[in-house]
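For reference, the chains in residue letters:
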Amino acid sequence: MKKWILFEKDWAQDDNTTFKKGQVIQVDASLAESLVMLKFAKETEAPSSDDIVTKTSEKFAQTVSTIIDSSLNKAFSQFNDTLEKGIKLPATAVDHDLEKMGGFKSQEEFVSCVIKAGRPGGNVDERLVKAPTGQHTQDDQEGGYLVPETIETRIWTKVSDDMELDFFSRATDKRKTSGNTLKFNAQEESSRKDGYRHFGAVAYWTDEAEQFTASKIIWSQRRLELHKLTALYYATDEEMDDAGTALGSVFDVAARRSIMFKLNQGVWNGNGVAKPLGIFSGNNPALISIAKESGQAAATILHQNISKMYHRMHPSMRARANWYVHPNLQEQLEFMYFANDTTNKRPLYMPAGGVSGSPYGSLYGRPVIPCEFCADLGTQTDICFADMTQIITLSKQSGGMKRASSIHVRFLYEETAFRFSFRADAQPVYAKQVEDLNGTTKRSPYITLDTRA
């Protein structure tokens with residue numbers, strides 16, 4: 001038994017045969033069911049004879065632009081010769097995902113109608129518009145058919161990528177839950193001194209036959225609770241009919257990007273109230289903010305600022321940490337010099353590319369990444385130094401974003417509702433700043449710089 005299927009995305013077989021999105025083929029029922037289950041295709045009706053002609057003209061349509069200076073009649077004649085030879089074209093004949101143009105379903109349908117009209121005794125489709133004699137460049141003395149304006153069905157997006165700084169899905173300590181919360185015992189280390197380090201566990205040098213010295217283990221319980229991010233969009237029936245593209249797919253992409261943007265923003269500076277506790281939130285007790293230098297001018301960045309930020313990161317974490325900066329601050333880094341010496345300038349910042357050969361600039365050997373979550377130049381968090389592995393994130397065990405659509409919510413308005421949701425939480429691994437083993441200096445994985453106003 002065979003079934004007809006419509007490809008919803010590109011698919012390549014083991015023999016490198018490729019089927020494009022929108023193509024229709026007839027395959028064994030078992031293969032059809034597998035492709036449908038994997039969401040590569042959906043079942044559809046058998047193509048009509050008109051569809052076959054449409055596909056037959058596809059090759060010609062693709063080469064129209066290359067023969068713009070040739071006689072259109074000659075091209076039709078050559079193509080008709082191909083048809084007359086009875087070359088059997090594949091059954092992958094129908095493309096249902098093309099633009100509407102000039103009353104035609106597709107460019108291929110337009111070319112097919114021109115071919116039929118050019119045959120002896122052929123019928124001229126009423127949608128074909130004859131060009132005035134002498135006002136054309138592509139046809140015979142009678143004037144060619146006007147090529148309708150093409151309507152592009154893709155929706156163009158800006159070049160910015162909200163997923164470039166995806167802290168939640170990439171660098172963090174990721175956990176899953178089948179319920180709504182996750183509780184776990186944690187080490188609350190506030191100092192590297194004996195009695196605080198490693199849960200309070202202390203090891204002692206002990207002579208032979210000496211009694212062991214006990215130490216007290218200190219635990220704390222941490223809790224993450226899933227919070228919900230949602231998005232809701234409406235589309236009128238007119239939009240669905242006239243858009244020339246699958247609005248549901250457009251909304252899927254838009255919702256996913258919007259939800260992930262908000263989630264990563266929450267990981268960055270969420271206040272912890274019905275949302276994640278961000279590492280650069282004022283509610284994070286482990287955050288260290290370095291004071292500005294005495295007499296430092298407003299909205300500036302000095303070598304001393306960078307040095308102090310770098311050295312307040314625990315040494316074991318510096319190799320994993322990155323700098324995150326507002327783009328306006330990044331401009332100033334290129335003019336920052338060691339010790340701000342104006343007579344013997346030694347640059348501290350290594351720009352991207354060039355000598356470094358890196359897509360990012362660097363400070364103290366660590367990448368400098370432009371980040372739109374950072375505050376503007378001169379404001380606290382316009383530059384941050386952080387080890388993102390010291391963030392714990394939580395999401396559902398069962399999967400990712402939930403999607404649903406309904407025609408009933410706004411039925412009387414002829415609108416379809418598209419609903420999306422995602423549940424997650426995040427918080428810093430470190431709940432406190434940690435004091436050095438020797439001395440009283442406190443360090444943290446999350447470092448920023450005070451406002452310079």
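Please refer to the structure placed before this passage.
Think of each chain on its own: its residues are numbered from 1, step by step along the sequence as written. Local features in a predicted model are, by the rule used here, given only for residues with pLDDT of at least 70; side-chain atom pairs are given and counted only at 80 or more, and totals for whole chains, interfaces and linings are based on all residues. In computing side-chain values, all of the structure's heavy atoms are included and hydrogens and water are not.

Let's talk about the overall build of the protein chain
Inference 1: Elements are defined by DSSP. Helices are runs of H or I of four residues or more, strands are runs of E of two residues or more, and each kind is numbered from the N terminus. Helix and strand content of the protein chain: 9 helices and 21 strands.
Inference 2: Summary of the burial criterion: residues with accessible area below 20% of their type's maximum are buried, those above 50% are exposed, and those between are partly exposed, where the area comes from a 1.4 Å probe applied to protein chains only. Looking at the protein chain as a whole, 38% of its 453 residues are labelled buried.
Inference 3: Whether two residues are in contact is decided by their heavy atoms, any of which lying within 4.5 Å being enough. Of the contacts made within the protein chain by residues no fewer than 6 positions apart, 70% connect residues no fewer than 24 positions apart.
Inference 4: Carbon and sulfur atoms provide 51% of the accessible area of the protein chain, an area that totals close to 26,700 Å². To be clear on the numbers: accessible area is Shrake-Rupley with a 1.4 Å probe, and residue cover counts the displayed protein chains and nothing else.

Concerning unusual backbone geometry
Inference 1: At Thr381, a residue that is not glycine, the phi angle is positive and equals roughly 75 degrees.
Inference 2: Counting through the fold element by element, Thr381 comes out in the loop between strand E14 (366–370) and strand E15 (383–386).
Inference 3: For Glu414, which is not glycine, the phi torsion reads 55 degrees and is therefore positive.
Inference 4: Relative to the helices and strands, Glu414 resides in the loop between strand E17 (402–410) and strand E18 (415–428).
Inference 5: Glu414 sits in the partly exposed class, given a relative accessible area of 43%.

Brief notes about helix H8 (residues 303–312)
Inference 1: Listed in full, the buried residues belonging to H8 are His303, Asn305, Ile306, Ser307, Met309 and Tyr310.
Inference 2: The inward-facing, buried residues of H8 contact strand E10 (288–290), strand E11 (322–325), strand E13 (361–363), E15 and strand E21 (446–449).

What to know about the nonpolar core
Inference 1: Among buried residues, those of type Ala, Val, Leu, Ile, Met, Phe, Trp, Tyr and Cys that are joined through side-chain atoms within 4.5 Å constitute a nonpolar core. Formed by 31 residues in total, the largest nonpolar core has its most connected members in Phe167, Trp268, Phe280, Tyr324, Met388 and Phe420.
Inference 2: For this core, the secondary-structure elements that each account for two or more residues are strand E9 (227–236), helix H7 (247–269), E15 and E18.
Inference 3: No other element matches H7, which puts 7 residues into this core.
Inference 4: When near neighbours in sequence (up to four residues on either side) are disregarded, Met388 contacts Phe167, Ala171, Thr172, Trp268, Ile279 and Tyr324.
Inference 5: Grouped together as the second largest cluster of nonpolar side chains are 22 residues, Tyr310, Met313, Ile383 and Phe385 included.

A few points about the environment of Asp28
Inference 1: Tracing the backbone through its elements, the reader meets Asp28 in strand E4 (residues 24–28).
Inference 2: For Asp28, a relative accessible area of 41% translates into the label partly exposed.
Inference 3: For Asp28 and Lys3, which are 25 residues apart along the polypeptide, the C-alpha to C-alpha distance reads 6.2 Å.
Inference 4: Filtering out sequence-adjacent residues up to four positions away, Asp28 remains in contact with Met1 and Lys2.

Some remarks on the side chain of Asn305
Inference 1: For Asn305, the location among the structural elements is in helix H8.
Inference 2: Excluding its chain neighbours within four sequence positions, the residues that come into contact with Asn305 are Ala291, Lys292, Glu293, Gln296, Thr300 and Leu449.

Digging into the pairing of E11
Taken residue by residue, a regular strand's side chains alternate between the two faces of the sheet.
Inference 1: Burial along E11 is two-sided: Asn322 and Tyr324 and Trp323 and Val325, pointing in opposite directions, are all buried.
Inference 2: Pairing between E11 and E15: 4 bridges, direction antiparallel. When the bridges of E15 are listed, Tyr324 appears paired with Cys384.
Inference 3: Bridge count for E11 against E14 is 3 bridges, and the pairing is parallel. The residue of E14 that forms the bridge with Trp323 is Val368. Strands were regarded as paired on the criterion that DSSP finds at least two bridges between them.

Here's the deal with a nonpolar patch on the surface
Inference 1: On the surface, Leu232, Tyr234 and Val409 cluster together into a nonpolar patch covering about 280 Å² of accessible area.
Inference 2: Within the secondary structure, Tyr234 sits in strand E9.
Inference 3: According to the relative accessible area criterion, Tyr234 is partly exposed, its value standing at 37%. To count toward a patch, a residue needs a relative accessible area over 30% and no salt bridge; like charges are then connected within 9 Å, while nonpolar side chains (Val, Leu, Ile, Met, Phe, Trp, Tyr) are connected within 5 Å. By definition, a salt bridge exists where a carboxyl oxygen of Asp or Glu is found within 4 Å of a side-chain nitrogen of Lys or Arg.

Section: the sheet that holds E11
Inference 1: The strand order across the open sheet formed by 7 strands is E10-E21-E15-E11-E14-E13-E12, and the pairing between neighbours is mixed. Strands with a single pairing partner mark the edges of an open sheet, and in this sheet they are E10 and strand E12 (349–350).
Inference 2: For E12 and E13, the ladder comprises 2 bridges, and the chain directions are antiparallel. Counted as the bridge partner of Tyr349 is Leu363 from E13.

Description of the pattern of salt bridges
Inference 1: Tallied over the entire structure, the rule returns 12 salt bridges.
Inference 2: In this structure, Arg197 and Asp194 form a salt bridge, with 2.7 Å as the shortest nitrogen-oxygen distance.
Inference 3: A salt bridge links Glu415 to Arg410, with the shortest nitrogen-to-oxygen separation between them at 2.8 Å.
Inference 4: We classify Glu415 as buried; its relative accessible area is 14%.

A look at the sheet that holds strand E5 (residues 41–43)
Inference 1: Spatially, E4-E1-E5 is the arrangement adopted by the 3 strands of the open sheet, whose pairing is antiparallel. Two strands in the sheet have a free side with no partner beyond their single neighbour: E4 and E5. Averaged over all neighbouring strand pairs, the angle between strand axes comes to 40 degrees, with direction disregarded.
Inference 2: The pairing of strand E1 (residues 2–7) with E4 spans 5 bridges and is antiparallel. Residue Leu6 lies in a different strand from E4, and its bridge partner there is Val24. To get an axis, a line is fitted to the C-alpha atoms, and for a helix only the part in contact is used. The angle between two axes follows their N-to-C directions and goes from 0 to 180 degrees.

Comments concerning the environment of Phe40
Inference 1: By secondary structure assignment, the location of Phe40 is in the loop between helix H1 (29–37) and E5.
Inference 2: Here Phe40 falls in the partly exposed class, since its relative accessible area comes to 23%.
Inference 3: The spacing of Phe40 and Lys21 is 19 residues in sequence and 8.7 Å in space, taken between C-alpha atoms.
Inference 4: Among all residues touching Phe40, those that are not within four sequence positions of it are Leu6, Phe7, Glu8, Lys9, Asp10, Trp11 and Leu35.

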